[in-house]
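Structure at a glance
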Amino acid sequence: PSSQSLITDSVDPRRWARAMSMIGIGSIVGMGLGTLYGGWASEHFGWRITLVTVGVPGLAIALLFFLTVKEPPRKRMSHTDGDPLSDSNVGTVLAWLLRDRRFVLLCAGVALVSMFGIGKAFWEPTFLRRVYGLSAAEAGAIYFVLGPLPSALGAYLVSTLADRLAARDARWYAWIAALSTLLAIPAALLFYLLPTDMLAFGIPAAFLFSIVGSFIGAGWAPVISALAQSISPASSRTVAAACWSLVSNFGAGVGPLIVGDLNLRLEATYGLESIRFSLGAMSAAPLLSFLFFVLLGRAMSHEEGDPTAIS
């Protein structure tokens, strides 16, 4: 949450979504490299050593961040009369945010799309192993190309488009998030359900749909990050980021649990193929997110949350 507030105060408001995408790209690439390295290391060193070694680099980055990043001055919305929450405590800020219909709709959409996004990210390497018969190392390497790599590129390009459109109408942030979640659904379903022997350009056709879905589906996060920051008073941006991140993490925690539970329930009927249908069933969650993000756009005016209106 604090990193989102730091970016808000350090970057030109017209580039907020693109700047927020850098957080997402770092997370996506980190998860991808963790999957890639984890598959290889777990085969050679075991999972305990693997978990320890992936944690060590974060300590060095934390020290580097502490020594080099300075606290920026707060930016305020010029179209508001000061900051109504500048002298408020956390409880007051939370109450204010929960009374804001836009913020509630944002959180609802985020919870559901995170449920789907992390549920699929957690289980898709297992899907590759069970359905395509890959080893852990092979699944990690292929999944990096199918998921994290196109997701990182998509997060940046979609957020760039959102920044340009939001300069004319701030509601485009909500609409781009809605489109990102909706268009990723059919691509994900085709990835899960197409036969393994259906090829395109010499590779399973399902893999191409995974790349497309990953590219499109990563666009909602930086856009929503920018929107959450822009509709919140300056003094409450970190709390706002913490709130929607908390909701997002709740959805992210529930997603893998639901997929795992469905796997167990369907395994007696479908065997190893049950993971196809358990992952496919999760596609209902981003469909609901699409509806919440559309309602979020309708709850805004073309000027509300406009990042270009910040001094």
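Predicted model only: the values in this text are computed from it and were never measured. (Residues numbered from 1 in each chain as written. Predicted model: local features only at pLDDT ≥ 70, side-chain atom pairs only at ≥ 80, totals over all residues. Heavy atoms only, no water.)

In this structure, Phe103, Leu106, Tyr173, Ile224, Leu227, Trp244 and Leu296 are the most contacted members of the largest nonpolar core, which totals 38 residues. Residue assignment for this core shows that the elements contributing at least two residues are helix H2 (16–45), helix H4 (90–99), helix H5 (101–132), helix H7 (148–166), helix H8 (172–193), helix H10 (220–230), helix H11 (237–270) and helix H13 (284–299). With 25 residues, the next largest nonpolar core counts Phe116, Val131, Leu134 and Ala205 among its residues. (Core = buried A, V, L, I, M, F, W, Y, C linked by side-chain atoms within 4.5 Å. Buried < 20%, exposed > 50% of the residue type's maximum accessible area, 1.4 Å probe, protein only. Helix = DSSP H or I, 4+ residues; strand = E, 2+ residues; numbered from the N terminus.)

To continue, consider the confidence of the model for the protein chain. For the protein chain, mean pLDDT is 86; residues scoring 70 or higher make up 92% of the total. Within the protein chain, the lowest mean pLDDT, 79, falls on helix H1 (residues 2–10), and the highest, 96, falls on helix H9 (residues 205–217). Note that residues 77–81 has pLDDT below 50 and, in this model, nine contacts with residues that lie over four places away or in other chains. Scored below 50 in pLDDT, residues 306–311 shows 21 contacts in the model against residues more than four places distant or in partner chains. (pLDDT = per-residue confidence, 0-100. Contact = heavy atoms within 4.5 Å.)

Okay, the side chain of lysine 120 next. Within the fold, lysine 120 resides in helix H5. Using a relative accessible area of 15% as the deciding quantity, one classes lysine 120 as buried. If we skip the residues at most four places from it in the chain, lysine 120 touches Tyr143, Tyr192, Ser214 and Leu279.

We now examine the state of the cysteines. One pass over the structure, following the stated rule, counts zero disulfides. Between cysteine 107, a cysteine without a disulfide, and cysteine 243, which holds the nearest cysteine sulfur, the sulfur-to-sulfur distance is 6.5 Å. Residue classification places cysteine 243 among the buried residues on the basis of a relative accessible area of 16%. (Disulfide = S-S within 2.5 Å.)

Another aspect to go through is the pattern of salt bridges. In this structure the tally under the stated criterion is six salt bridges. Two residues, aspartate 163 and arginine 18, come together in a salt bridge whose shortest N-O distance is 3.0 Å. Separated by 145 residues along the polypeptide, aspartate 163 in helix H7 and arginine 18 in helix H2 bring together distant segments of the chain. Taking the relative accessible area as the measure of exposure, arginine 18 reaches 12% and is therefore buried. (Salt bridge = Lys/Arg side-chain N within 4 Å of Asp/Glu carboxyl O.)

Leaving glycine out, the prevailing phi sign among residues is negative, and the prevailing peptide bond configuration is trans. One non-glycine residue, phenylalanine 201, lies in the positive phi region at around 60°. Relative to the elements of secondary structure, phenylalanine 201 occurs in the loop between strand E1 (199–200) and strand E2 (203–204).

All right, on to H13 then. Compared with an ideal rise of 1.5 Å per residue, which puts 16 residues at 22 Å, H13 spans 23 Å between its outermost C-alpha atoms and is within 8% of the ideal. Of all the residues in H13, the buried ones are Ala285, Pro286, Ser289, Phe293, Leu296 and Gly297. On an axial view of H13, the arc spanned by its buried residues comes to 115°, and they lie on one face. On its buried face, H13 sits against H5, H8 and H10. (Expected span 1.5 Å × (residues − 1). Arc of directions from axis to C-beta.)

Together, Trp40, Phe45 and Ile49 make up a nonpolar patch on the protein surface, roughly 320 Å² of accessible area in all. Structurally, the position occupied by isoleucine 49 is in helix H3 (residues 47–68). (Patch = residues over 30% accessible without salt bridge, like charges linked within 9 Å, V, L, I, M, F, W, Y side chains within 5 Å. Areas by Shrake-Rupley, 256 points an atom, 1.4 Å probe, with all protein chains shown as cover.)

By the definition in use, this model includes eleven aromatic pairs. With a centroid separation of 6.0 Å and 70° between ring planes, the pair formed by phenylalanine 127 and tyrosine 132 is classed as edge-to-face. Both residues of the pair, phenylalanine 127 and tyrosine 132, belong to the buried class. Aromatic rings pair up to connect Phe127, Tyr132, Phe191, Tyr192 and Phe207 into one cluster. (Phe/Tyr/Trp six-rings, centres within 6.5 Å; stacked < 30°, edge-to-face > 60°.)

Moving on, we come to the packing of H1 against H11. Here H1 crosses H11 at 135°, and the two axes come no closer than 8 Å. In terms of orientation, H1 lies oblique with respect to H11. Two packed elements cross with a definite hand, and for H1 against H11 that hand is right-handed. Where H1 abuts H11, its residues Ser2, Gln4, Ser5, Thr8 and Asp9 lie against Arg237, Thr238, Ala241, Trp244 and Ser245. Taken together, the residues that form the contact of H1 with H11 break down as two nonpolar, six polar and two charged. (Axes fitted to C-alpha atoms, helices over the stretch in contact; angles between N-to-C directions. Parallel < 35°, antiparallel > 145°, perpendicular 65-115°, else oblique. Left-handed = near helix turned anticlockwise from the far one by under 90°. Nonpolar A, V, L, I, M, F, W, Y, C, P; charged D, E, K, R; others polar.)

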